[in-house]
Each structure stands twice: as structure tokens, then as C-alpha cells.
Amino acid sequence: MQISITKPASNWFVQEMDLEPGSSVRFYVRYGGMGGIIEGFSLGISAEQPNDPITSEEVQGITFFVERSDAWYFEGVDLNVKYSRKWDDIQYEYPPHN
């Protein structure tokens, strides 16, 4: 699995989560919510440092990552995070992993 974060999405995280260079954002699996890959689960975010990342990407000095313990959720797909001007929010895309 790979992760990609657009620069506008990174800007959204910096603004919404009050991040500074050197900060990290974890994408994790949570029970409940809507719009996820597996019914009954969705993606959560938290500002924390990586412990055992399976993938990460640094954008504008911010590290975005997924821990190995959440890899099961992304089996066969990648995670692309983009910013939507229309909704003034981030959007997740899960293209098939090549």
C-alpha cells in the first residue's frame, strides 16, 4: 500500500489541526462511520508520532502515515488524500494497489 497527500490537503490538515513542521498525522481504522472501504468501518485521523508505520509520506514538513496494525483495512488499495474546494474538506480515494 502507498499513501499520497496533495499539497492542498496538507494545507487543510495544517490549518484544521494546528500542525507545525515536524508534526505527524495518523490515518487509522475506526469502528462505525460512513464512506469507508469495509462496511462498518471508516477512516479516522489523529495527530501523533509514528510507532510502526507501514507507509508514510512527508508533505511540507508534516509526516502522514498508516500504522502496520491498520494494514488489513487497506489490503489491495492505496490511500490518496485530496482537498475538495466545493466541500472545503478532505476526500479519501482508494485506488487499487498496483
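Conventions used here
Residues numbered from 1 in each chain as written. Predicted model: local features only at pLDDT ≥ 70, side-chain atom pairs only at ≥ 80, totals over all residues. Heavy atoms only, no water. Salt bridge = Lys/Arg side-chain N within 4 Å of Asp/Glu carboxyl O. Helix = DSSP H or I, 4+ residues; strand = E, 2+ residues; numbered from the N terminus. Phe/Tyr/Trp six-rings, centres within 6.5 Å; stacked < 30°, edge-to-face > 60°. Core = buried A, V, L, I, M, F, W, Y, C linked by side-chain atoms within 4.5 Å. Buried < 20%, exposed > 50% of the residue type's maximum accessible area, 1.4 Å probe, protein only. Contact = heavy atoms within 4.5 Å.

> A description of the pattern of salt bridges should follow, citing residues and the corresponding values.
This structure, assessed with the given rule, holds 4 salt bridges. The partner of arginine 68 in a salt bridge is aspartate 52, with the nearest N and O atoms 3.4 Å apart. Here arginine 68 is found in the loop between strand E5 (62-67) and strand E6 (79-84), whereas its partner aspartate 52 is found in the loop between strand E3 (41-47) and strand E4 (53-59), with 16 residues between them in sequence. Measuring nitrogen to oxygen at the nearest pair gives 3.3 Å for the salt bridge that ties glutamate 93 to lysine 82.

> Can you lay out the packing of aromatic side chains for me, pointing to particular residues and giving the numbers?
Within the structure shown, the criterion is met by 9 aromatic pairs. Among the aromatic side chains, those forming a connected cluster through ring pairs are Trp12, Phe13, Phe27, Phe64 and Tyr92.

> Explain the nonpolar core to me, and be specific about the residues and the numbers.
When a protein is soluble and globular, its nonpolar side chains tend to lie buried together. Residues Ile5, Phe13, Phe27, Phe64, Leu79 and Val81 are the most contacted members of the largest nonpolar core, which totals 20 residues. Once residues within four sequence positions are removed from consideration, leucine 79 is found in contact with Met1, Gln2, Ile3, Ser4, Phe27, Leu43, Val66, Phe74, Tyr92, Glu93 and Tyr94.

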